[in-house]
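Coordinates in review
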Amino acid sequence: VEPPFYRFFGYQRWHYPVTLALVGTYLKGLGHDVAIYDADLPDAGCRSLSRQETRQQYARYGQALDDPGHPIWGEIRRVIRDRRPEVVGITSISPKIESADLVARMVREELPEARIILGGAHALAMRDMDPGYDFGPWYDEVVVHIPNLVDQRPDKKLLLDYDLYPAKDLSSILTLSGCPMQCTFCCRSFDRTFIYRDLGSVREELEEIAGYPGHSGVYVMDDCFFSHGERFDRMTAMMRELDLPFVAGGRIMALTPGKLEQFRERGGSKLLVGVESGSQRILDRVKKKLRVEEIVRRCAWINREGIPWSAFLVVGFPFETMDDLEMTEELIYRIRPTFISVNRFTPYPGTEIFREFYADAGLRFRDLFQLNCNVLPGADPAMEEKIDRLFEDFDRYNEERRREGEGRA
Ligand code: B12
Ligand code: SF4
């Protein structure tokens, strides 16, 4: 089960539950009868929301957690009763864990004999920080790692209601896992083992995506698409051959003029880049291993190549000052991305910053979502006001850039 989250606040999610598709494929390979229930599949109440709207609507998630009569809980109970599974596996990231707990509790109430297993980023992070962490009374087992899971072609047809997914939502692909960096705000800081998926299996999935009626290209979910030169070359060649436009993310230091040219020529339609901050002090403090001058230099290469791109920013680190925020603002208007994706710093369990600043802060997991307006303990009201203004200004900038793009088209 993918626990419900986005649906509660009306956000139009654009992906399918890839982690569960991989776990399900693995279990099917072992001979089990598997179905994936995506309880977060967008419904008629969901639409595309701006970042400001998302922040405003997010409180509806917390309200639903406190409302046992919410119709989505009723729907989940009905599915459990209808399907009567023997084993229920639930995946969860930290902000969703209370939703996962409620699903587990309903399974326990409806099917006392069922075995309930929890997996996912939250379980991994909590176990990493405290091997004896108690996940509560609903789970029989917690699984934090299945080796080489990414090296498979996910069987998306295991999804209940497979036919309800638009081609776009099934067109994401994961071709590796792991990252060599150790940014102090990222949960992957403690997992540096790389798994590269076999390129034959990548090709099969790309062919599957190219065959979806009305597809609009591929979204590559890898942490860095550009790091491994030979794979970059072979994968972009495959997309070109299959005539598949693609969106992918890359670390700034992995970008070169040659790779960017190849990216564009072979159908790269959008690039996602983690800029994070315009302050060298902040970049150093979060161990980003990146110089502001390199950001300016390499982002100019992207613009010169004419590739549409999103810059990901994080604002509101506990050690950030007004000067740092101003440097980020100044940098972003200088490097001129096509889209600014600004996120409120969120202390995810398992990260170095969580351990240093928030281990005893009594944070509620439900508040840990980057676009939440929650105020972290110790936050300075003047900084919060500035952050709110940045969100508004960047939404406006995004809207203007979107209109400019339409004008050109
Ligand atoms: C791809 C990805 C996405 C994709 C798609 C996510 C999806 N659900 O399909 C997109 C870009 C949409 C996305 C969005 C978000 N993501 Co994301 N994402 C990732 C990424 C890069 C890979 C996740 C993945 O699928 N890995 C492959 C699977 C197979 O591995 P796994 O999830 O680690 O699970 C392993 C085990 O836990 C176990 N397991 C997992 N579940 C289960 C279930 C059962 C039953 C069993 C037996 C085992 C099991 O098996 C796996 C193999 O060992 C990770 C970072 C990373 N490199 O891992 C972040 C990550 C998971 N995302 C994260 C976050 C915060 C988000 C967002 C909230 C961000 C946002 N601003 O919106 C959203 C929320 C999405 C949601 N799930 O609702 C955080 C979670 C942190 C935390 N402690 O909760 C991570 C860790 C990144 C980070 N910055 O630290 N994400
Ligand atoms: S933020 Fe990106 S570069 Fe840094 S550790 Fe996480 S995945 Fe790696």
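It should be emphasised that the depicted structure is a prediction, and the values quoted were computed from it without experimental measurement. (Residues numbered from 1 in each chain as written. Chains lettered and ligands numbered in written order. Predicted model: local features only at pLDDT ≥ 70, side-chain atom pairs only at ≥ 80, totals over all residues. Heavy atoms only, no water.)

1. Digging into the overall build of the protein
Within the protein one finds 15 helices and 11 strands. Computed over its C-alpha atoms, the radius of gyration of the protein comes to 21 Å, within 12% of the 22 Å expected for a compact globule of 409 residues. Here the C-alpha coordinates of the protein stretch approximately 60 × 55 × 40 Å along the principal axes. Buried positions account for 52% of the 409 residues belonging to the protein. A sequence separation of at least 24 residues applies to 77% of the contacts in the protein between residues at least 6 apart. Carbon together with sulfur atoms contributes 50% to the accessible area of the protein, which is approximately 18,800 Å² in total. With 55 positive and 66 negative side-chain charges, the protein shows a separation of 3 Å between the mean positions of the two kinds. (Helix = DSSP H or I, 4+ residues; strand = E, 2+ residues; numbered from the N terminus. Rg over C-alpha atoms; globule rule 2.2 N^0.38 Å. Buried < 20%, exposed > 50% of the residue type's maximum accessible area, 1.4 Å probe, protein only. Contact = heavy atoms within 4.5 Å. Areas by Shrake-Rupley, 256 points an atom, 1.4 Å probe, with all protein chains shown as cover. Lys, Arg positive; Asp, Glu negative; His and termini not counted. Charge placed at Lys NZ, Arg CZ, Asp CG, Glu CD.)

2. Details of the site of ligand 1
Near ligand 1, the surroundings consist of 34 residues, among which Thr-19, Thr-91, Ser-94, Ile-146 and Cys-187 are the closest. Interatomic distance of 3.4 Å between a side-chain N/O atom of His-15 and an oxygen atom of ligand 1. Lys-96 is positioned with one of its side-chain polar atoms (N or O) 3.5 Å from an oxygen atom of ligand 1. Of all the secondary-structure elements, those providing two or more residues to the shell around ligand 1 are α1 (18–29) and β1 (87–91). It is α1 that provides the largest number of residues to the shell around ligand 1, a total of four residues. (Near = heavy atom within 4 Å. Polar contact = N/O pair within 3.5 Å; in protein donor to acceptor, adjacent residues only side chain to side chain.)

3. Focus on the sheet that holds strand β7 (residues 218–220)
Taken together, the six strands give an open sheet; going across it, the order is β4-β7-β8-β9-β10-β11, and neighbouring strands pair in parallel fashion. A single partner strand is all that each edge strand has here, and the edge strands are β4 (172–173) and β11 (339–344). As paired strands, strand β10 (residues 309–315) and β11 are joined by six bridges and run parallel to one another. Across the sheet, the residue bridging to Val-314 is Asn-343, located in β11. Running over the sheet, helix α13 (residues 322–335) touches β9 (268–276), β10 and β11 and is turned about 175° from β10. (Pairing = 2+ DSSP bridges. Axes fitted to C-alpha atoms, helices over the stretch in contact; angles between N-to-C directions.)

4. Things to note about the site of ligand 2
Inspection of the region around ligand 2 gives Cys-179, Met-181, Cys-183, Phe-185, Cys-186, Asp-223, Arg-251 and Lys-288 as its neighbouring residues. Counted by class, the shell around ligand 2 contains five nonpolar, no polar and three charged residues. (Nonpolar A, V, L, I, M, F, W, Y, C, P; charged D, E, K, R; others polar.)

5. Thoughts on the nonpolar core
Core analysis: the largest hydrophobic core is formed by 106 residues, its most contacted members being Phe-226, Leu-271 and Val-275. Sequence-distant contacts of Leu-271, defined by excluding residues within four places in its chain, comprise Phe-226, Ala-248, Gly-250, Leu-255, Leu-260, Phe-263, Ile-302, Ile-307, Pro-308, Trp-309 and Ser-310. (Core = buried A, V, L, I, M, F, W, Y, C linked by side-chain atoms within 4.5 Å.)

6. Observations regarding the sheet that holds strand β3 (residues 141–143)
A sheet is described by the order of its strands in space; here three strands give the open sequence β1-β2-β3, paired in parallel fashion. Two strands bound the open sheet, and with one partner strand each, they are β1 and β3. Strand-to-strand twist in this sheet, taken as the mean axis angle between neighbours without regard to direction, amounts to 25°. Here β1 runs beside strand β2 (residues 115–119); their pairing, made up of five bridges, is parallel. From the neighbouring strand, Gly-89 faces β2, where its bridge partner is Ile-117.

7. Some details on the packing of helix α12 (residues 292–305) against α13
As a packed pair, α12 and α13 sit with axes 10 Å apart at the nearest point and diverge in direction by 25°. With respect to α13, the element α12 is oriented roughly parallel. At the point where α12 passes α13, the crossing takes the right-handed sense. Counting all contacts with α12, which are made through Val-292, Ile-295, Val-296, Cys-299 and Asn-303, the residues of α13 involved are Leu-331, Arg-334 and Ile-335. Here the residues of the contact of α12 with α13 sort into six nonpolar, one polar and one charged. (Parallel < 35°, antiparallel > 145°, perpendicular 65-115°, else oblique. Left-handed = near helix turned anticlockwise from the far one by under 90°.)

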